[in-house]
Amino acid sequence: MSNYDKQKIVASVPQTGFFGHPKGLFTLFFTEFWERFSYYGMRAILVFYMYYEVSEGGLGLDQTLALSIMSIYGSLVYMSGIIGGWFADRIFGTSKAVFYGGILIMFGHLALAIPGNVALFFISMVLIVLGTGLLKPNVSAVVGDIYSEEDARRDSGFSIFYMGINLGGFLAPLIVGAVMKTSFHLGFGIAAVGMFFGLVQFVTTKKKNLGLAGTYVPNPLTVDEKKKTYTIIGIVVAVLAVLIAFAIPAGLLTFKSFINLVGVLGILIPTLYFIVMYRSPKTNDVERSRLIAYIPLFIASVMFWAIAEQGSTILASYADNRTQLNFAGMTISPAWFQSLNPLFIIFLAPVFAWMWVKLGKRQPTIPQKFSLALLFAGLSFLVILLPAYFGGTDSLVNPLWLVLSYLIVVLGELCLSPVGLSATTKLAPAAFSAQTMSLWFLSNAAAQAINAQIVRFYSPENEMAYFGIIGGASIVLSIVLFMLAPKIQGFMRGIR
């Protein structure tokens, strides 16, 4: 009996041990908790680190440029999931990908924790981008491995897992944001320690709790393929190194050209991925139909994340420059607003998990849930334009407006993100299981690549038009998706 068959037998037995779910969910819950603690702790202060003056401990970059770099950083983090998914599917499985990714992330945060210059900042970016690409899509794929396809607990399990993500995301900005004014590097060091704790927890509990889950390589390279692949990788790395060494001194590779390049890749890569999986001989007719159904869900996800991810760019700048930070007798760190999104999810994720189970077959279909997500995302941007409408753009805004905007977008996130993770594991072709999870995260990469272009149009003077146009577009797309939901459902071939 192969490892794959044994793994399927394990998944087919309804196990309990962690809130009525398989005990492997405990390991994955806390692995992702610490990974997100490190990532969101770093992200909560990174944009301020970039545009604060050197005298304030920052890098002194232009604020608009810092917002674009922040979006590109986020895009590359999710885009690198392609690499992580490929390595998991073809070389060493999802479990090892999670471990190797955690090591790279930890060293990336350590590079940021060392007082230095822009060079160290970019070294850390490379390490964290590659590490997150290995860890994030694959830890989610392992969650899918511990459930059978027929297990009704799957959606609920992903919601609980998603709550673990947000526990880490809630605590990190509060802790790291509190030390931001003292030292950015101390904050980055705290993020590195968080990832270390995550690695220790994963290594010490995975054998007992996960068993064979994540150890199977679904589409391994043959001996000949390995030789050819490693040769190609070596040549590509060497060529890229030469091109970069030539392009930077020649002025061809600048921040602006790099942002434009990532913007193109953010759209091109997922498009090619869909084509390759659809045309692969390893994909059968039912799987092709499900891939077609996945396309409008992917587009909806791009629109949603284009709004939600501006919480760490435009709304972070809004919190720093447009919001009254002396409120109710206390001084608020602008980084603390980054805790609002995960805080609301912590309270609401169990409610949504219970609601989907309670509704059973009466719950909205996957496309209908996505349309609701787009509706809430659009409303969250319409809400944040109201302070400028009522009070103009010269006065500082009551922070409760930001709180309300974050709350509304969270309602949409809970209709889309855990549902999308679960839907991806259901709709994925068998030969591309981990890579399809990477494709799901590419929707976030595409969204942030687009954001890198559009954040340049934001300014306090035109914020009403900025928020109004983007929010309105999301609501229109929500209506279109809701109307197409029955047709999309038909292409899912039995998946609801």
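In this text the structure is predicted, and so the values were computed from the model without any measurement.

Conventions adopted
- Residues numbered from 1 in each chain as written.
- Predicted model: local features only at pLDDT ≥ 70, side-chain atom pairs only at ≥ 80, totals over all residues.
- Heavy atoms only, no water.
- Helix = DSSP H or I, 4+ residues; strand = E, 2+ residues; numbered from the N terminus.
- Rg over C-alpha atoms; globule rule 2.2 N^0.38 Å.
- Buried < 20%, exposed > 50% of the residue type's maximum accessible area, 1.4 Å probe, protein only.
- Contact = heavy atoms within 4.5 Å.
- Lys, Arg positive; Asp, Glu negative; His and termini not counted.
- Charge placed at Lys NZ, Arg CZ, Asp CG, Glu CD.
- Axes fitted to C-alpha atoms, helices over the stretch in contact; angles between N-to-C directions.
- Parallel < 35°, antiparallel > 145°, perpendicular 65-115°, else oblique.
- Left-handed = near helix turned anticlockwise from the far one by under 90°.
- Nonpolar A, V, L, I, M, F, W, Y, C, P; charged D, E, K, R; others polar.
- Polar contact = N/O pair within 3.5 Å; in protein donor to acceptor, adjacent residues only side chain to side chain.
- Salt bridge = Lys/Arg side-chain N within 4 Å of Asp/Glu carboxyl O.
- Expected span 1.5 Å × (residues − 1).
- Bend = angle between axes of the 7 residues up to and from the residue.
- pLDDT = per-residue confidence, 0-100.
- Phe/Tyr/Trp six-rings, centres within 6.5 Å; stacked < 30°, edge-to-face > 60°.
- Patch = residues over 30% accessible without salt bridge, like charges linked within 9 Å, V, L, I, M, F, W, Y side chains within 5 Å.
- Areas by Shrake-Rupley, 256 points an atom, 1.4 Å probe, with all protein chains shown as cover.

Caption draft 1: Up close: the overall build of the protein. On a plain count of helices and strands, the protein comes out with 17 helices and two strands. The C-alpha radius of gyration of the protein comes to 22 Å, within 12% of the 23 Å expected for a compact globule of 496 residues. Projected onto its principal axes, the C-alpha coordinates of the protein cover approximately 65 × 55 × 40 Å. Relative to its 496 residues, the protein shows a buried fraction of 56%. Within the protein, contacts between residues at least 6 apart in sequence are counted, and of these 83% link residues at least 24 apart. Positive and negative side-chain charges of the protein, numbering 32 and 22 respectively, have mean locations separated by a distance of 10 Å.

Caption draft 2: Representation of the packing of helix 11 (residues 314-321) against helix 17 (residues 463-491) in the model. Closest axis-to-axis distance for the helix 11/helix 17 pair is 14 Å, and the angle between their directions is 150°. One finds that helix 11 runs roughly antiparallel with respect to helix 17. When the axes of helix 11 and helix 17 are compared, the crossing they make is left-handed. Contacts between helix 11 and helix 17 pair I314, L315 and Y318 from the former with E463, Y466 and F467 from the latter. Considered class by class, the residues forming the contact of helix 11 with helix 17 number five nonpolar, no polar and one charged.

Caption draft 3: The arrangement of the side chain of T31 in detail. On the secondary structure map, T31 appears in helix 2 (residues 24-51). A polar contact of 2.7 Å, which involves the side chain of T31, links it to the backbone oxygen of T27. If we ignore the near neighbours within four places in the chain, the residues touching T31 are V98, G198, Q201 and F202.

Caption draft 4: Examining the pattern of salt bridges more closely. Evaluation of the coordinates by the stated rule reveals six salt bridges. For R90, the salt bridge identified is with E225, shortest N-O distance 3.2 Å. Of the two residues, R90 is situated in helix 4 (residues 81-113) and E225 in helix 8 (residues 223-247); the sequence distance between them amounts to 135 residues. Judged by relative accessible area, which is 33%, E225 ranks as partly exposed.

Caption draft 5: Just helix 4, in detail. If you check helix 4, its first and last C-alpha atoms are just 25 Å apart, much less than what 33 residues at 1.5 Å a residue would give, namely 48 Å. In the structure, helix 4 departs most strongly from a straight axis at F92, where the bend amounts to approximately 120°.

Caption draft 6: Geometry of the environment of Y273. Relative to the helices and strands, Y273 is located in helix 9 (residues 255-279). Here the alpha-carbon distance between Y273 and F246, two residues 27 residues apart in the chain, equals 30 Å. The contact partners of Y273, leaving out residues within four places of it in the chain, are I82, Q435 and L439.

Caption draft 7: Quick peek at the environment of L343. Residue placement: L343 occurs in helix 12 (residues 340-359). Judged by relative accessible area, L343 falls into the partly exposed class, the value being 24%. Distance from L343 to K256, taken between C-alpha atoms, is 35 Å for residues 87 residues apart in sequence.

Caption draft 8: Structural context of helix 5 (residues 118-145). Between its first and last C-alpha, helix 5 extends 41 Å over 28 residues, near the 40 Å set by a 1.5 Å rise per residue. Maximal helix bending in helix 5 amounts to about 30°, located at T132.

Caption draft 9: Region of interest: the environment of T425. The residue T425 is located in helix 15 (residues 399-427) in this model. C-alpha separation for the pair T425 and Q453, spaced 28 residues apart in sequence, amounts to 31 Å. A polar atom in the side chain of T425 sits 2.7 Å from the backbone oxygen of S422.

Caption draft 10: Representation of the confidence of the model for the protein within the structure. Residues with a pLDDT of 70 or more make up 94% of the protein, whose mean pLDDT is 84. Between the elements of the protein, mean pLDDT differs from a low of 45, seen in helix 1 (residues 3-12), to a high of 95, seen in helix 13 (residues 366-384). The model gives residues 6-13 a pLDDT under 50, and that stretch makes 15 contacts with residues more than four places away or in other chains.

Caption draft 11: Up close: the packing of helix 11 against helix 15. Where helix 11 meets helix 15, the axes come as close as 11 Å, and the angle between the chain directions of the two elements is 165°. One finds that helix 11 runs roughly antiparallel with respect to helix 15. As for the relative orientation of helix 11 and helix 15, their crossing is left-handed in sense. The segment helix 11 lies against helix 15, with L315, Y318 and A319 engaging L402, S405 and Y406. Across the contact of helix 11 with helix 15, the residue classes break down as five nonpolar, one polar and no charged.

Caption draft 12: Up close: the packing of aromatic side chains. Applying the stated criterion across every chain yields a total of 29 aromatic pairs. Ring plane angle 75° and centroid distance 5.2 Å describe the contact between F92 and Y100, whose orientation is recorded as edge-to-face. Summarising the aromatic geometry, the rings of F274 and F298 are spaced 5.5 Å apart at their centres and angled 90° between planes, so their arrangement reads as edge-to-face. Placement of the pair is F274 in helix 9 and F298 in helix 10 (residues 285-308), with a sequence separation of 24 residues. We note that F274, like F298, is buried. An aromatic cluster is present here, built from F29, F30, F33, W34, F37, F196 and F197 joined pairwise through their rings.

Caption draft 13: Examining a nonpolar patch on the surface more closely. A grouping of I232, I235, V236, V239, L240, L243, I244 and I248 is seen on the molecular surface, where their side chains present a nonpolar patch of about 700 Å² in accessible area. Take I235: it is sitting in helix 8.

Caption draft 14: Representation of the side chain of Q453. Residue position: Q453 is located in helix 16 (residues 433-454). Within the local environment of Q453, its side chain forms a polar contact with the backbone oxygen of I259, the two atoms lying 3.4 Å apart. Excluding residues that lie within four positions of it along the chain, Q453 makes contacts with I259 and N260.

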